[in-house]
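# Commentary on secondary and tertiary structure
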Amino acid sequence: MMTPNSNRLHIALFGRRNSGKSSLINALTGQDVALVSDTPGTTTDPVLKAMEIQGVGPCLFIDTPGYDDEGELGEMRMTRTLKAAEKTDIAILLCHPDMDKELQWLQRLKEKNIPVILLLNKADILEDAASIASVIKNKTGESPLIVSANTRQGMEDIRRAIIRRLPEDFDAQSITGKLVSAGDLVLLVMPQDIQAPKGRLILPQAQTLRELLDKKCIAVSCTTDQMEVTLQALSRPPKLIITDSQVFKTVYERKPAESKLTSFSVLFAAYKGDIGYYTASAATIGTLKETSRVLIAEACTHAPLSEDIGRVKLPRMLRQKIGEELQIDIVSGNDFPANPEKYDLIIQCGACMFNRKYVLSRIAQAKEQKVPMTNYGIAIAWLSGILDKIEF
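Residues numbered from 1 in each chain as written. Predicted model: local features only at pLDDT ≥ 70, side-chain atom pairs only at ≥ 80, totals over all residues. Heavy atoms only, no water.

Going by the annotation in an unreviewed UniProt entry, the name recorded for the protein chain is Hydrogenase maturation GTPase HydF, with Bacteroides nordii CL02T12C05 given as the source organism.

Structure follows, in structure tokens:
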């Protein structure tokens, strides 16, 4: 199975129309993945290309529309470019000699704590690239890399620059963290209900299982109805039990006293987001009233299913606790309010389809507006009365 895009380093290219972003993507990947044209505005939506970079590993290049686009359609393209910035781990900014718009974007990216690599592209046709680079350094304090997508000049310099700007925690992120180590017995209790794709595991289950194998753990899997039989078949109680949040209470009541308990959603809360803010915000559920407003944010854009956890089960649990008149809004995919201050609580899914940078950008929005934000697993654990008894 290929590395999911959500687990890849996101590298986005920003620049004016016709600055050579698409050509540069093709040069970096060695493939014609982005449409190239002399006509400004050819790239109308972000183009994604997954690849491997030596010394970096799996990454995702994002070719964005030019930020100097005009008109009503141009504004829509700009919105897409801004959305891409929220997911960006490392930005490549293609410079223009006057640097007017580039300085604005450089400031915007730095405000989001995104490392930026400055490039002066089209070195093969610029008359005095060195002098232009000197001007850019005077304006930004940093020398741009002089490159050419056409002749592939400077491609290795870009690779080395990406490695130097890797996030500090790039290799440190782990789904199970310090909860398990080599030789530990781990039981995965995985309901195979209507939401489980026929013939395969959902992404959090597959990723967690793979990490357990990489850590040399002994991983055993079963469905909820086979949990007791599975426990009886084991020679010792599992050190950790990982389950789906929707059966938290059932599994908690059946687990051995010495076995620790968590869920895939809780693990991803720490892996993708801010577990401290999530757990602190969960207490807000106890203060909600029927006049309160809650936002449930799903990463997936799947068609709603019966007993869907985000659209049916979690809203039902909340209304049973707070009252039937509780207002609950649901968004999916990249949809997320720019100003979430109208909500009393935001509940984000496990976000297995998003990269960590994007989830943290959502949390930053919530914090800026002083809106509590938690996630499915943490919220369900709180509603089940076992938040203080689970591991993360």
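Structure shown, so let's carry the discussion forward.
### Quick look at the pattern of salt bridges
Enumeration over the complete set of coordinates arrives at 14 salt bridges. E156 serves as the salt-bridge partner of R159, at 2.6 Å between the closest nitrogen and oxygen. Residue R159 and its partner E156 are both found in helix α5 (residues 155–164); the two are separated by three residues, about one turn of the helix. For R293, the salt bridge is made with D329, and the minimal N-O distance between the two is 2.9 Å. (Salt bridge = Lys/Arg side-chain N within 4 Å of Asp/Glu carboxyl O. Helix = DSSP H or I, 4+ residues; strand = E, 2+ residues; numbered from the N terminus.)

### Let's talk about the packing of helix α11 (residues 309–322) against helix α13 (residues 376–383)
At a closest axis distance of 11 Å, the pairing of α11 and α13 adopts a crossing angle of 30 degrees. Two packed elements cross with a definite hand, and for α11 against α13 that hand is left-handed. Contact residues: α11 offers I309, G310, L314, M317, L318 and K321, while α13 offers Y376, I380, W382 and L383. (Axes fitted to C-alpha atoms, helices over the stretch in contact; angles between N-to-C directions. Left-handed = near helix turned anticlockwise from the far one by under 90°. Contact = heavy atoms within 4.5 Å.)

### Examining the sheet that holds strand β12 (residues 327–332)
Across the sheet, four strands lie side by side as β12-β11-β13-β14; this open sheet has parallel pairing. Pairing within the sheet leaves two strands with one partner each, and these edge strands are β12 and β14 (373–375). Shown here is a sheet whose adjacent strand axes are inclined to one another by a mean of 25 degrees, direction ignored. Of the pairings in the sheet, the one linking strand β11 (residues 293–298) to β12 comprises six bridges and is parallel in character. Across the sheet, residue V294 finds its bridge partner in β12, namely I328. Across the sheet, α13 lies against β11, β13 (345–348) and β14, angled at about 90 degrees from β14, the strand it touches most. (Pairing = 2+ DSSP bridges.)

### Looking at the sheet that holds strand β7 (residues 185–189)
Ordered by their spatial adjacency, four strands build an open sheet running β8-β7-β9-β10, and the pairing between neighbours is parallel. In the strand order of this sheet, the two ends are held by β8 (218–222) and β10 (260–263), each with one partner. Pairs of neighbouring strands in the sheet enclose a mean axial angle of 20 degrees, with direction left out of account. Two elements, strand β9 (residues 240–243) and β10, share four bridges in a ladder whose sense is parallel.

### Examining the side chain of D184
When you line up the elements, D184 lands in the loop between α5 and β7. The exposure class assigned to D184 is buried, which follows from its relative accessible area of 14%. If near-sequence neighbours (up to four positions away) are discounted, D184 is found in contact with C217, I218, R236 and K239. (Buried < 20%, exposed > 50% of the residue type's maximum accessible area, 1.4 Å probe, protein only.)

### A few points about helix α6 (residues 203–214)
Here α6 spans 16 Å end to end across 12 residues, near enough to the 16 Å set by a 1.5 Å rise per residue. When α6 is considered as a whole, its buried residues turn out to be L203, P204, Q205, Q207, T208, E211 and L212. Those residues of α6 hidden inside the fold are in contact with β7, β8, β9 and α9 (264–272). Within two residues after α6, K216 carries a phi angle of roughly 65 degrees, on the positive side. (Expected span 1.5 Å × (residues − 1).)

### Some remarks on the environment of L187
For L187, the position within the fold is in strand β7. L187 sits 56 residues away from T243 along the chain, and the two C-alpha atoms are 8.4 Å apart. If we skip the residues at most four places from it in the chain, L187 touches V220, C222, T230, L231, P238, L240, I241 and I242.

### Overview of the packing of aromatic side chains
Two descriptors summarise a pair of aromatic rings, namely the distance from one centre to the other and the angle between the planes of the rings. Across all of its chains, the model carries four aromatic pairs by this definition. On the numbers, 5.5 Å between centres and 90 degrees between planes, the contact of F268 with Y271 is edge-to-face. Of the two residues, F268 and Y271 are both situated in helix α9; the distance of three residues between them amounts to about one turn of the helix. Each member of the pair F268 and Y271 is classed as buried. Seen from their ring centres, F354 and Y358 are 4.8 Å apart, and the 85 degrees between their planes marks the pair as edge-to-face. The exposure classification of F354 matches that of Y358, with both residues buried. The ring centre of W105 lies 4.9 Å from the NZ or CZ of R108, which sits over that ring. The positively charged end of K367 is found above the aromatic ring belonging to Y277, 5.1 Å away from the centroid. (Phe/Tyr/Trp six-rings, centres within 6.5 Å; stacked < 30°, edge-to-face > 60°. Lys NZ or Arg CZ within 6 Å of the ring centre and 35° of its normal.)

### Quick notes on the pairing of β9
Successive side chains on a regular strand alternate, one facing one side of the sheet and the next facing the other. Neither face of β9 is open: one carries L240 and I242, the other I241 and T243, and all of them are buried. As defined by bridge partners, β7 adjoins β9 across four bridges and the pair is classed as parallel. Bridge pairing links L188 to I242 in β9.

### Overview of helix α3 (residues 100–111)
With 12 residues, α3 should cover 16 Å at 1.5 Å per step; its first-to-last C-alpha distance of 18 Å lies within 8% of that length. When we look at burial in α3, the residues that qualify are E102, W105, L106 and L109. Down the axis, α3 shows its buried residues gathered within 105 degrees of arc, on one side only. Set apart from the buried face of α3 by more than 90 degrees, the exposed residues are Q104 and E111. Count one or two residues on from α3 and you reach N113, which has phi positive near 60 degrees. (Arc of directions from axis to C-beta.)

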